[in-house]
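Breakdown of the fold
Residues per chain are reported as follows:
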Amino acid sequence: MPVTTITPQRPLGINLTAMKDHARALIFADIFKPSREWIPHRLSDDTWDTGMALDLDERGWVRSLAADQEAGTLMMSGLGDAYPGGRYRVLYEGTGVLDFDWDARIIDSQPGRMDLWVTPDQGIHVVIKETDPEDYIRNIRVIMPGHEETFTSAPFHPTYIQFLRQFSLLRFMDWSDTNEPENVTPEAGLWENRVTPDHASQGTIRGVAYEHMIDLANEVGSDLWISVPITATDDFIDSLATRVRDRLDQQRLAYIELSNEIWNRDFPQHAVATAAGRARGY
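This text gives an overview of the structure that appears in the document. Values in this document were obtained by computation on a predicted structure and should not be read as measured data. (Residues numbered from 1 in each chain as written. Predicted model: local features only at pLDDT ≥ 70, side-chain atom pairs only at ≥ 80, totals over all residues. Heavy atoms only, no water.)

This brings us to the overall build of the chain. Of the regular secondary structure elements, the chain holds four helices and 14 strands. Taking 19 Å as the expected radius of gyration for a compact globule of 282 residues, we find that the chain reaches 21 Å, a close match to that expectation. Oriented by its inertia axes, the alpha-carbon framework of the chain measures out at about 70 × 65 × 30 Å. Expressed as a percentage of its 282 residues, the buried residues of the chain come to 46%. Nonlocal contacts in the chain, meaning residues at least 24 apart in sequence, comprise 72% of its contacts between residues at least 6 apart. In the structure as shown, the chain presents an accessible area of about 14,600 Å², 50% of it carried by carbon and sulfur atoms. (Helix = DSSP H or I, 4+ residues; strand = E, 2+ residues; numbered from the N terminus. Rg over C-alpha atoms; globule rule 2.2 N^0.38 Å. Buried < 20%, exposed > 50% of the residue type's maximum accessible area, 1.4 Å probe, protein only. Contact = heavy atoms within 4.5 Å. Areas by Shrake-Rupley, 256 points an atom, 1.4 Å probe, with all protein chains shown as cover.)

Written out as structure tokens, the structure is:
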């Protein structure tokens, strides 16, 4: 009697954890990508967060600093030794003074490039101490050991890719931070206001660039499930559809979901959907 070999199918899919500075998943070789929103420090009394708005450009880079002000952010915060130590490469554009402390110390520095020695413990504190408003510090990249030559062509950490290859579908609802109040406003539904790969961080409450979601699905060889804002305009949907069509592997499927759990009263999109329904006489 012939023996039939059955090849197990990959599990259906997985919800990816949100991309944050404190997330344990090592997603990118560049650990600055999930960095926290900039924190306004005050020098004179060591105030960690003054609550004052920083002068940021349209992509979230610090354009200028006020008197007695520095801008800080965090990477790998609170992870202990759950991320790699060793020699990290820092690349950036612009003119100013960039500093690192907590788990990191600068061991080599020249304009536009630094080397850090990192001993994992509490995380890495990045500080812009000075920046030239005419050529401000921007495009900061902090590259894990061993990825200095490949982080552009292979931006995702290989361990992350290897883990995800067991799944046939990747759901990016938390990458979009769909349930955040800031992402149910009319402004959030405009295509020009979306997060792009050029934004200072992919780890803020505004979510991650759709380009990164598509590229990860391509790299893993999985289908794609994206959540869009409840207020997304027709132009937003058309533009996203075009981006997916042009960038996603043609063998992959794409699922586009309007928001997430709009029936759930605990989420702000429920109120938006309810108001829209009532306006239509439902």
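With that out of the way, let us pick up the sheet that holds strand E10 (residues 124–131). What the four strands build is an open sheet, ordered E2-E5-E10-E7; its pairing is antiparallel. A single partner strand is all that each edge strand has here, and the edge strands are strand E2 (39–42) and strand E7 (96–102). With direction set aside, neighbouring strand axes in the sheet form an average angle of 30°. Relative to E10, strand E5 (residues 69–75) runs antiparallel, the two being bridged by five bridges. Paired with alanine 71 across the two strands is isoleucine 128, which belongs to E10. (Pairing = 2+ DSSP bridges. Axes fitted to C-alpha atoms, helices over the stretch in contact; angles between N-to-C directions.)

With that out of the way, let us pick up the sheet that holds strand E8 (residues 104–110). Taken together, the four strands give an open sheet; going across it, the order is E8-E9-E6-E11, and neighbouring strands pair in antiparallel fashion. Every other strand in the sheet has two partners, leaving E8 and strand E11 (138–143) as the edge strands with one partner each. Taking the axes of each pair of neighbouring strands and ignoring which way they run, one obtains an average angle of 20° across the sheet. In terms of strand pairing, strand E6 (residues 86–93) meets strand E9 (residues 113–118) through six bridges, oriented antiparallel. For glycine 86, the partnering residue across the bridge sits in E9 and is valine 118.

Looking now at the environment of leucine 116. Mapping leucine 116 onto the fold places it in strand E9. Placed 26 residues apart in sequence, leucine 116 and valine 90 show a C-alpha to C-alpha distance of 7.4 Å. Discounting residues that sit within four places of it in the chain, leucine 116 has contacts with Gly86, Arg87, Tyr88, Val90, Phe100, Ala104, Arg105, Ile106, Ile107 and Val142.

Taken as a whole and judged by the stated rule, the model has nine aromatic pairs. When the centroid spacing of 6.1 Å and the interplanar angle of 50° are considered together, the rings of phenylalanine 32 and tryptophan 38 count as tilted. Ring centres 5.0 Å apart and planes at 65° place the aromatic pair phenylalanine 172 and tryptophan 175 in the edge-to-face group. Classification of phenylalanine 172 by relative accessible area gives buried; the value is 0%. The ring of tyrosine 136 carries arginine 138 above its face, with NZ or CZ at 5.7 Å from the centroid. (Phe/Tyr/Trp six-rings, centres within 6.5 Å; stacked < 30°, edge-to-face > 60°. Lys NZ or Arg CZ within 6 Å of the ring centre and 35° of its normal.)

Summed over the entire model, instances satisfying the criterion amount to 15 salt bridges. Where arginine 245 meets aspartate 246, a salt bridge forms, and the shortest distance between an N and an O atom there is 2.8 Å. For aspartate 246, a relative accessible area of 55% puts it in the exposed group. A single salt-bridge network, built from bridges that share partners, covers Arg87, Arg89 and Asp115. (Salt bridge = Lys/Arg side-chain N within 4 Å of Asp/Glu carboxyl O.)

As for its placement among the helices and strands, aspartate 57 is situated in the loop between strand E3 (55–56) and strand E4 (62–64). A sequence separation of 142 residues divides aspartate 57 from histidine 199, and the C-alpha atoms of the two residues are 9.6 Å apart. With residues up to four places along the chain from it excluded, the contact list for aspartate 57 reads Arg63 and Tyr136. Engagement of the side chain of aspartate 57 in a polar contact is seen with the backbone nitrogen of arginine 59, the distance being 2.8 Å. Only 2.9 Å separates the side chain of aspartate 57 from the backbone nitrogen of glycine 60, close enough to count as a polar contact. (Polar contact = N/O pair within 3.5 Å; in protein donor to acceptor, adjacent residues only side chain to side chain.)

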